[in-house]
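# Commentary on secondary and tertiary structure
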Amino acid sequence: MSLNKVMLIGNVGKDPEIRYLDGNNPNQGATKVAQFTLATTERYRDRNGELRENTEWHNIVAWRNSADVAEKFIRKGTQLYIEGKLRTRSWTDQTGNKRFTTEVAVDNLQLLGKRTDNPGASEPGRPSTSSGTGFQPQQPVYQQPQQPVYQQPAPQQPIDLSIGDNPTDDLPF
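Presented here is a report on the structure given in the accompanying data block. (Residues numbered from 1 in each chain as written. Predicted model: local features only at pLDDT ≥ 70, side-chain atom pairs only at ≥ 80, totals over all residues. Heavy atoms only, no water.)

### Let's talk about the pairing of strand β3 (residues 31–45)
Of the strand pairs in this sheet, strand β1 (residues 6–12) and β3 are connected by two bridges, and their pairing is antiparallel. Considered in β3, the bridge of V12 is made with L38. Across five bridges, the pairing between strand β2 (residues 17–21) and β3 is antiparallel. Within the sheet, the bridge partner assigned to I18 lies in β3 and is A34. Pairing between β3 and strand β4 (residues 51–63): 13 bridges, direction antiparallel. Each residue of the ladder has a partner; that of V33, found in β4, is W63. Taken together, β3 and the strand that follows it, β4, pair antiparallel across an intervening segment of five residues, in which G49 is found at a positive phi of about 85°. (Pairing = 2+ DSSP bridges. Helix = DSSP H or I, 4+ residues; strand = E, 2+ residues; numbered from the N terminus.)

### Let's talk about the environment of R19
Following the sequence through the fold, R19 ends up in strand β2. A relative accessible area of 36% places R19 in the partly exposed class. Expressed as a C-alpha distance, the spacing of R19 and A67, which sit 48 residues apart in the sequence, is 9.2 Å. Ignoring sequence-local partners within four residues, the contact set of R19 consists of T31, K32, V33 and Q35. (Buried < 20%, exposed > 50% of the residue type's maximum accessible area, 1.4 Å probe, protein only. Contact = heavy atoms within 4.5 Å.)

None of the figures reported here should be taken as evidence of function without further support.
Here it is in structure tokens:
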């Protein structure tokens, strides 16, 4: 058995780069791919009690429908939740050296935060998530959570803790 699964929550480092495979004409059904970086930051205290930060940068690759979402809604600074798989690929650069890169291939993509925090949703001319783009998040992304209305509990009657005729009958064990 084996498992290749990555789960990340972080902020987008640059606007997605959108490309079309199988030709450059998106109107002819070319496969869309989006590439961008995602930063995850770990905060901790060192031995001296000083607050430290360690930021990791992840290369993200989204295909087809996820690439559509990336193109329409993701901008630098957008907070995302991403599920995917690690993929390593190699190529030969211009000087003839073999290069490798590791990427996260997106399986699931969810926008996080409030709509006002998402630079892609607030740009003029950009469609909103309710405009029929086909993107349906698993949970409402841009809705404020409803705060439950606090109701004071009903007053309770005092409990009679007096011991009856046989004190051993009231033992809990």
